[in-house]
Every structure is written in C-alpha cells, then in structure tokens.
Number of protein chains: 2
Amino acid sequence: MSLLVVGSVAFDAIETPLGKVDRTLGGAASYFALAASHFTPVRIVAVVGEDFTKKEEGVFRGRKINLDGLERASGKSFFWSGRYSTNMNERTTLATELNVFANFRPTLPVSYRDSRFVFLGNIDPTLQRSVLRQMKSKPKVAALDTMNYWISGTPEALRQALKDIHVLMINDDETRQLTGEHNLLRAAKAVFKMGPRTLVIKRGEHGALMIHEKFIFSVPAFPLEEVHDPTGAGDSFAGGFMGYLASVGRIDEPTLRSAMVYGSVVGSFTVERFGVERLANVTRRELAARARRFSKLTAFRL
Amino acid sequence: MSLLVVGSVAFDAIETPLGKVDRTLGGAASYFALAASHFTPVRIVAVVGEDFTKKEEGVFRGRKINLDGLERASGKSFFWSGRYSTNMNERTTLATELNVFANFRPTLPVSYRDSRFVFLGNIDPTLQRSVLRQMKSKPKVAALDTMNYWISGTPEALRQALKDIHVLMINDDETRQLTGEHNLLRAAKAVFKMGPRTLVIKRGEHGALMIHEKFIFSVPAFPLEEVHDPTGAGDSFAGGFMGYLASVGRIDEPTLRSAMVYGSVVGSFTVERFGVERLANVTRRELAARARRFSKLTAFRL
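Criteria and thresholds
- Residues numbered from 1 in each chain as written.
- Chains lettered and ligands numbered in written order.
- Predicted model: local features only at pLDDT ≥ 70, side-chain atom pairs only at ≥ 80, totals over all residues.
- Heavy atoms only, no water.
- Axes fitted to C-alpha atoms, helices over the stretch in contact; angles between N-to-C directions.
- Helix = DSSP H or I, 4+ residues; strand = E, 2+ residues; numbered from the N terminus.
- Parallel < 35°, antiparallel > 145°, perpendicular 65-115°, else oblique.
- Left-handed = near helix turned anticlockwise from the far one by under 90°.
- Contact = heavy atoms within 4.5 Å.
- Nonpolar A, V, L, I, M, F, W, Y, C, P; charged D, E, K, R; others polar.
- Buried area = accessible area lost by both parts, 1.4 Å probe.
- Salt bridge = Lys/Arg side-chain N within 4 Å of Asp/Glu carboxyl O.
- Least-squares fit on C-alpha atoms with pLDDT ≥ 70 in both.
- Buried < 20%, exposed > 50% of the residue type's maximum accessible area, 1.4 Å probe, protein only.
- Pairing = 2+ DSSP bridges.
- Phe/Tyr/Trp six-rings, centres within 6.5 Å; stacked < 30°, edge-to-face > 60°.
- Lys NZ or Arg CZ within 6 Å of the ring centre and 35° of its normal.
- Expected span 1.5 Å × (residues − 1).
- Arc of directions from axis to C-beta.
- Patch = residues over 30% accessible without salt bridge, like charges linked within 9 Å, V, L, I, M, F, W, Y side chains within 5 Å.
- Areas by Shrake-Rupley, 256 points an atom, 1.4 Å probe, with all protein chains shown as cover.
- Lys, Arg positive; Asp, Glu negative; His and termini not counted.
- Charge placed at Lys NZ, Arg CZ, Asp CG, Glu CD.

1. Comments concerning the packing of helix α1 (residues 28–36) of chain A against helix α8 (residues 233–248) of chain A
Residues and elements named next belong to chain A. Interhelical geometry of α1 versus α8 gives an angle of 40 degrees and a closest axis separation of 7 Å. One element, α1, and the other, α8, form an angle in the oblique class. The interaxial crossing formed by α1 with α8 has right-handed handedness. Taking contact as the criterion, the partners of Ala28, Tyr31, Phe32, Ala35 and Ala36 in α1 are, on α8, Asp235, Ser236, Ala238, Gly239, Gly240, Met242 and Gly243. Partitioning the contact of α1 with α8 into residue classes produces seven nonpolar, four polar and one charged.

2. A short note on the interface of chain B and chain A
Counting residues at the interface gives 35 residues for chain B, matched by 35 residues for chain A. Between chain B and chain A, the buried area comes to about 3,200 Å², and carbon and sulfur atoms account for 51% of it. Taken as a group, Glu225(B), Phe300(B) and Leu302(B) account for 22% of the area that chain B buries against chain A, more than any other trio of residues on that side. Taken together, chain B and chain A are joined by eight salt bridges.

3. Describing the relation of the copies chain B and chain A
The operation relating chain B to chain A is a screw motion whose rotation component is 180 degrees, with 0.0 Å of axial translation and a residual RMSD of 0.0 Å. Each copy turns onto its partner about a two-fold axis. In this assembly the copies share their binding face: 100% of the residues contributing to the interface of chain B also contribute to that of chain A.

4. A short note on the pairing of strand β10 (residues 167–171) of chain B
Consecutive residues of a regular strand have side chains that alternate between opposite faces of the sheet. All names here are of chain B. Taking burial as the measure, the five residues of β10 include four buried ones, the bulk of the element. Inspection of the sheet shows strand β9 (residues 141–144) paired to β10 by two bridges, in the parallel sense. Each bridged residue has a counterpart across the sheet, and for Leu144 the counterpart in β10 is Leu168.

5. Let's talk about the packing of aromatic side chains
Remark: the centre distance and the inter-plane angle together describe each pair of aromatic rings, the angle taken between the planes. A full pass over the atoms with the stated rule returns 20 aromatic pairs over all chains. Look at Phe101(B) and Phe104(B): their rings are 5.4 Å apart centre to centre, the planes differ by 25 degrees, and that puts the pair in the stacked class. As far as burial versus exposure is concerned, Phe101(B) and Phe104(B) are alike and both buried. One aromatic cluster is present, built from ring pairs that chain together Phe39(A), Tyr244(A) and Tyr262(A). Against the face of Phe269(B) rests Arg290(B), its NZ or CZ located 3.8 Å from the ring centre.

6. Quick look at unusual backbone geometry
Here Asn99(A), not a glycine, exhibits a phi torsion of approximately 50 degrees, which is positive. Summarising the element assignment, Asn99(A) is placed in the loop between β7 (91–97) and β8 (117–120). According to the relative accessible area criterion, Asn99(A) is partly exposed, its value standing at 30%. Within the chain, Met88(B) stands out as a residue other than glycine whose phi angle is a positive 65 degrees. Structurally, Met88(B) can be placed in the loop between β6 (78–84) and β7 (91–97). Since its relative accessible area comes to 18%, Met88(B) is described here as buried.

7. Description of the environment of Gly249(A)
Residue and element names in this part refer to chain A. Along the chain, Gly249 falls in the loop between α8 and α9 (253–270). Judged by its relative accessible area of 9%, Gly249 is buried. Put simply, Gly249 and Asp51 are 198 residues apart on the chain and 36 Å apart in space, counted from C-alpha to C-alpha. Setting aside chain neighbours within four positions, we find Gly249 in contact with Met1, Phe117 and Lys140.

8. Thoughts on the sheet that holds strand β12 (residues 208–212) of chain A
All names here are of chain A. Within the open sheet, the nine strands sit side by side as β5-β4-β1-β8-β9-β10-β11-β12-β13. Their pairing is mixed. Since the sheet does not close on itself, it has two edges, and those belong to β5 (65–72) and β13 (216–219), each with one partner. When strand polarity is set aside, the average angle formed by the axes of neighbouring strands in this sheet is 15 degrees. In this sheet, β12 lies alongside strand β11 (residues 198–202) in antiparallel orientation, the contact comprising five bridges. The residue of β12 that forms the bridge with Val200 is Met210. Seen against the sheet, α1 touches β1 (3–6), β4 (42–48), β5 and β8 and runs at an angle of roughly 165 degrees to β1.

9. Some remarks on the pattern of salt bridges
Residue and element names in this part refer to chain B. Summed over the entire model, instances satisfying the criterion amount to 37 salt bridges over all chains. Notably, a salt bridge pairs Arg257 with Glu253, separated by 2.9 Å at the nearest N-O pair. Residue Arg257 and its partner Glu253 are located together in helix α9 (residues 253–270), separated by four residues, close to a single helical turn. Since its relative accessible area comes to 8%, Arg257 is described here as buried.

10. Brief notes about the side chain of His38(B)
Residue and element names in this part refer to chain B. Tracing the backbone shows His38 in the loop between α1 (28–36) and β4 (42–48). Relative accessible area serves as the criterion here: at 11%, His38 is assigned to the buried category. If near-sequence neighbours (up to four positions away) are discounted, His38 is found in contact with Leu279, Val282, Arg284 and Leu287.

11. Thoughts on helix α11 (residues 284–298) of chain B
One turn of the α-helix equals 3.6 residues, which is why residues spaced by three or four share an orientation. With 15 residues, α11(B) should reach 21 Å at 1.5 Å per residue; the first-to-last C-alpha distance of 22 Å fits that figure. Elements that come into contact with the buried residues of α11(B) comprise β13, α9 and α11 (284–298) of chain A together with β13 (216–219) and α9 of chain B.

12. Quick word on the side chain of Thr146(A)
Here Thr146(A) is to be found in the loop between β9 (141–144) and α4 (148–153). Discounting chain neighbours no more than four positions away, the residues touching Thr146(A) are Asn122(A), Ile151(A), Leu158(A), Met169(A), Ile170(A) and Glu174(A).

13. Observations concerning helix α5 (residues 155–162) of chain B
Residue and element names in this part refer to chain B. Within α5, the full set of buried residues consists of Leu158, Ala161 and Leu162. Taken end-on, α5 shows its buried residues confined to a sector of 95 degrees, consistent with a single buried face. The inward-facing, buried residues of α5 abut α3 (125–133), β9, α4 (148–153), β10, α6 (172–179) and α7 (184–194).

14. Focus on the packing of helix α8 (residues 233–248) of chain B against α9(B)
Residues and elements named next belong to chain B. At their nearest, the axes of α8 and α9 sit 7 Å apart, and the two run at 140 degrees to each other. One way to sum up the angle between α8 and α9 is to call them oblique. The element α8 and its partner α9 pack so that their crossing is right-handed. The residues of α9 that touch α8, namely those facing Ala233, Ser236, Phe237, Gly240, Phe241, Tyr244, Leu245 and Val248, are Thr255, Leu256, Ser258, Ala259, Met260, Tyr262, Gly263, Ser264, Val266, Gly267 and Thr270. Looking at the contact of α8 with α9, its residues break down into eleven nonpolar, eight polar and no charged.

15. Some words on a positive patch on the surface
Residues and elements named next belong to chain A. Together, Arg285, Arg292, Arg293 and Lys296 make up a region of like positive charge exposed at the surface. Following the sequence through the fold, Arg285 ends up in helix α11. By relative accessible area, Arg285 is classed as exposed at 72%.

Pasting the structure below:
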C-alpha cells in the first residue's frame, strides 16, 4: 500500500572516528524513504534548496520513490553538521542551519492524499497535524516521530497531533520526558491515553521495544564489528518498519513483530557506511539474509 | 550435575525509591545459590561472622544448598549499604565493611572437590584461581565474574585466573575495560584469547548478550512495571544460568541459549522485592510461566 513520509531532506557534514564527510545527502526523510523503498513505493514531502542538484535527486530516482512532493525553494537546503565521540556513543552537533526548512509548510500533492500509511517525521507538531488534515481520508496507519525540543517546547500542539496517531516512534528518554514516567510499561500506558495504541521505543545499540496494548516485543540491535556512522539509524529503522507494514498492508501482531525485525535489519546496514551510502546499495537478498540472522540471534527452545 | 559457588554472603542495607531495609541477607553467593537451587543442588564456599544466625541459615536450609563450605569466623559478616537513585539507574555505595571477608581464603571441603560446574564470584582473582587448584579434576564448566577493581588493580592475577575459565560473565563496561576495545564483538575476540570461549555480557535493563566462538545470542530483560530493588539481579542471572547448565549437564548451543533465558527469568523475579525475598519464594511453576513469556517477548516469523 502507499506510504507517505514528511520530514527533512538535508545535507550533512559528519565526523566519526572512522572518517569524515563534508557534504552528503541526509535528513530523516531521505533515510526513511530509501529504507522503506526496499519494501514498498514511497511518497516524499519535503523541501530542498537550490543546492539540491540532479546528483542528489539521482539517489532517489530509479527507486520506488515519488518526488512530486519535494518542494524546491530559493535558498540553501537544511544543513546539519555533527561529530561523534571515540566510542560513537555521544554526538556533538556542530551546526544546524535550517535554511529553506525554516519556512517549510508541507503541502501534499493531490496524488498523495489517498496514502494509506503515513510517517510524520520529527518536525513541528502543528505541521505534522496539518499533513493529516490534508488527507482525503484517515490513513490506515499514521506513525509519528518527535523529540525533546517539541515535547518541552510545544506540548499542547504535540498532544493534539498525537490524537490521530497509531504508532509513536521515539527513544527511551523521549518516552520518559513525554509521559513523566520512568518505567517504560507505565509510560506506554500514558501514551495509549494520548492516542497511539502502539509505542515503538528505539534504543540504539540496545535494539528496539514495541509496547502494544495487547503484547510486548523486543528486538536486539544487530551486533556489528564496525560502525562507521550511526547517523540515520533511527530513521532507517522507521523506514524499514513502515515500509514493511505498508508492503503487507496489515498491522496485526505477526506483521508488527516482523516489521520491528526489518526495521532493525535496515538500520544495521545504514551504520555500516557514511550517510545513505550503504542504505542505498543494500540488496533485497542481503536484507533477507540478515533478517534470518536476527532469527538465529534471538532463537531458543525451552 | 554438582554446582559450586564461591563468593560473598553478606548483610545489606538497601534504600530504593520504593522502600528501605536496614539489614537483609545479601552477597553474590547468596543470590547465586538461591537462584541456582531452583534448578540443581548447589555447594557454597563463603565466610560469615558471628552475626550470621539460624535465621539467615534458614533461608538456605530446606533447599538443595549445601553449607559445608560456609566458614564461620569470629567477627562480623561482610556488610554493604547502598542507595538507588529515583530511577534506579544509579546506585551510591554508602558503606562497605569487609569484616571477616577481608581474610577470606576459600577452602573447599573434600566433598566439594569433584564439582563439575564451578562459579567463581567476584573476589580477588588469586583466590578464584586457588579454588580451581583445589579441585580434584578440572571442572566441566568454570565461570568467572569480576569487576573494575580487579581489572585495573590486579590485571596479571586476573589474566592467570582467566586461563582456565570457560565462561566469563561481566557487564559492558567491564568487558571494554578488560579488553581495551569498545566494540563488543572485537572485545569478545580479545577475551577468547585470554581463555574463555564464551562471554556473557550482563546489560541490566537491556538484557544480556552471549558471544560464543560459534554463535551470538541476545536475550532482553523482562519488562516489569515495578522494580523494587535491583540488588542481586546480575548474581541471580548468573545463578539461573549456571544452575540450568548444571541441571542439563551439557553446554551445547541450545542449552547455552536456554540458560541465558533462565538466567534472565530468575533475575527478573529477584528485582520484584527487596533482597532475596522474591528469589527465595518464587516457584518452579512461576519460573516456567515467565520463561514462556520470554518466548512471546522475542518471537517472530519472517
């Protein structure tokens, strides 16, 4: 089924102990769309500046990624620069230049308005809500990502946005901050009251946890010998997760469990190279093989 | 098969956001033995003082726990006091009084010297090694726990002790400190060269990871709505793990995987109440039921 993503398409400068890139395609929507496109066609809503050329466009073209909703504005694209610590467990933001993203008002092309699966990337909750209001009918599954900036800065707008959301995808800290509850099971119950009936907690090197009203599912991160660049792992997870759900077209328990695994699979490839490089060239066969390795990683018999 | 544990039997004073106890039975060997005794007979080697009465002894009696190696010394038992932060994710040690434990020189009763499974709790590596030298023959499985104090303080003695160890059970930080390697897969390879061919990394609320020369296995922590007291969770994990292995008498891959699950199961009960209370009264039926819930927590189909 059709999958829509709204979020940032950006340029990143990244420095990790294993290397450095000065300018590479980044942004949550880029990672998400590339990840999801391995499973299902994706529609992007985002804004880029005049510095976004045929080269960057080429990363999306030739895949099942629709760029009709990619707005071109005068000025420069969103730029982010960051440096990771020796152990990659901390990152310092060196620069955030919103540029054209500062005035981003997502507008859905008419052809997008029937999307059945929607992912609202981490942007102003008022804009996230405006996207849902542009839909012809309520999507089958709406998922939302957010961050501390919006949780503390625009709590009321976030509350409003969450009302129509099925799946909330955030990390441990954000879960605790949003609910004021340290225990994740109790935090999930608080989230359920806000709207979403499914909470997906992204835990980086510790994997991901899904707390659904009816069940809990835990998936580890895939152990890798070398992580080159953690940037985009969470957005790739979200893309793999939503892409798989949209490809199946259902959100029953077995499908949600598998989606968690495919999200982790895709995220584990992303971090193997800088930026979107590995994510863009991973094959279906490699994804399937790693998914089988996740089975081995967690299988036991009592 | 016979399981021997060497370590501390102590009194603990514990304060958590959910309550406080001034003096309760504690120590790694206590948690380990109680946890393991749900699966197999256990032999304790430890030292206690004159303050260890019939009441504390009663916690061990009536179970498959042999106290022939529990030495009584004049003076007071090891005493530890600690306080947990609001979120239980940090703990402050308020007091550590070694007392009779300061002069602990583990001596194995003759009847213990044929033990096939041995767990060397977190004590001076020279003493850990002396225990193995007292054995009639090399045990089938020797496991060892240690900590930063020994890793940095007596690295050579620890290296010597590790040579005859099959399973090293430590946490993330200790793994990184011991090997000087942040990446856990590479750290495991360094550990393999020191002796142990199996590394079990305890990750607290994030579960546990086994890195074996031939496979990797990950198990999550069991999500609980209320943790009363995290003390002893790791030692209970070790007890459940080794107790299960000894009960089966093998260490093939399927048995190691199941042992990881039973370790997590037992640890998850321990933290439900203060001290050893829950660990001491949990039933076989409850352990089996929770093990089945671990299956549901991690199961998926591709």
